[in-house]
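Geometric and topological summary
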Amino acid sequence: MEKELMEVFISHQWITIPVFIVLVIGVTLCWFGGLVAALTALGNKRWLWGIVSIVLGPITGLPYALIYREAEYAKSLMLKGLALLLGGLLAACVVWLAYR
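Residues numbered from 1 in each chain as written. Predicted model: local features only at pLDDT ≥ 70, side-chain atom pairs only at ≥ 80, totals over all residues. Heavy atoms only, no water.

Observations concerning the packing of helix α3 (residues 47-56) against helix α4 (residues 58-67)
Contact geometry for α3 and α4: axes closest at 7 Å, N-to-C directions at 140°. Here α3 is positioned oblique relative to α4, judged by the angle of their axes. Within the contact between the two elements, α3 uses W49, V52, S53 and L56 and α4 uses P58, I59, T60, G61, P63, Y64 and I67. Of the residues assigned to the contact of α3 with α4, the class counts are eight nonpolar, three polar and no charged. (Axes fitted to C-alpha atoms, helices over the stretch in contact; angles between N-to-C directions. Helix = DSSP H or I, 4+ residues; strand = E, 2+ residues; numbered from the N terminus. Parallel < 35°, antiparallel > 145°, perpendicular 65-115°, else oblique. Contact = heavy atoms within 4.5 Å. Nonpolar A, V, L, I, M, F, W, Y, C, P; charged D, E, K, R; others polar.)

Side note on the packing of aromatic side chains
One pass over the full model with this rule turns up three aromatic pairs. For the ring pair W49 and Y68, a centre distance of 6.4 Å and an interplane angle of 85° mean the geometry is edge-to-face. Note that W49 is positioned in helix α3 and Y68 in the loop between α4 and α5 (72-99), a separation of 19 residues in sequence. Residue W49 is classed as partly exposed on the basis of its relative accessible area, which comes to 25%. Between Y64 and Y68, the ring centres sit 5.0 Å apart and the planes meet at 45°, which makes this aromatic pair tilted. With a relative accessible area of 0%, Y64 lands in the buried category. The structure contains a cluster of three or more aromatic residues connected by ring pairs, namely W49, Y64 and Y68. Positioned above the aromatic ring of Y68, the side-chain terminus of R46 is 3.9 Å from the ring centre. (Phe/Tyr/Trp six-rings, centres within 6.5 Å; stacked < 30°, edge-to-face > 60°. Buried < 20%, exposed > 50% of the residue type's maximum accessible area, 1.4 Å probe, protein only. Lys NZ or Arg CZ within 6 Å of the ring centre and 35° of its normal.)

Overview of unusual backbone geometry
Trans is the common state for peptide bonds, and a negative phi is the common state for residues other than glycine. At K45, a position not held by glycine, the phi torsion is positive, near 60°. With respect to the helices and strands, the residue K45 is situated in the loop between α2 (13-43) and α3. For K45, a relative accessible area of 62% corresponds to the exposed category.

Quick notes on a nonpolar patch on the surface
On the surface, I17, F20, I21, V24, I25 and L84 cluster together into a nonpolar patch covering about 530 Å² of accessible area. Per element, the largest residue contribution to the nonpolar patch is five residues, and it comes from α2. Positionally, I17 belongs in helix α2. Classification of I17 by relative accessible area gives partly exposed; the value is 48%. (Patch = residues over 30% accessible without salt bridge, like charges linked within 9 Å, V, L, I, M, F, W, Y side chains within 5 Å. Areas by Shrake-Rupley, 256 points an atom, 1.4 Å probe, with all protein chains shown as cover. Salt bridge = Lys/Arg side-chain N within 4 Å of Asp/Glu carboxyl O.)

In structure tokens, the structure reads:
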């Protein structure tokens with residue numbers, strides 16, 4: 001299975017490289033949004049949310065941004081990153097299923 005997966009993605013680099021770039025941009029937006037949420041939480045004296053969001057990034061940053069309206073920018077970054085991440089994963093699955 002792993003060998004077949006690698007053969008498909010190596011032989012179809014014309015789609016693998018853009019999918020990888022989309023995945024990296026999605027992860028970056030999610031983590032940056034998590035850090036923005038942490039800074040927003042610390043700025044509003046929500047110490048527990050802020051400290052935990054610094055360590056865990058979007059894992060706790062997204063729930064914080066969904067609960068508190070003051071973190072709209074962080075929420076938009078994380079949701080856009082999540083959309084890109086899921087879109088990239090979907091594209092990778094489609095490529096693998098189409099060319100295997």
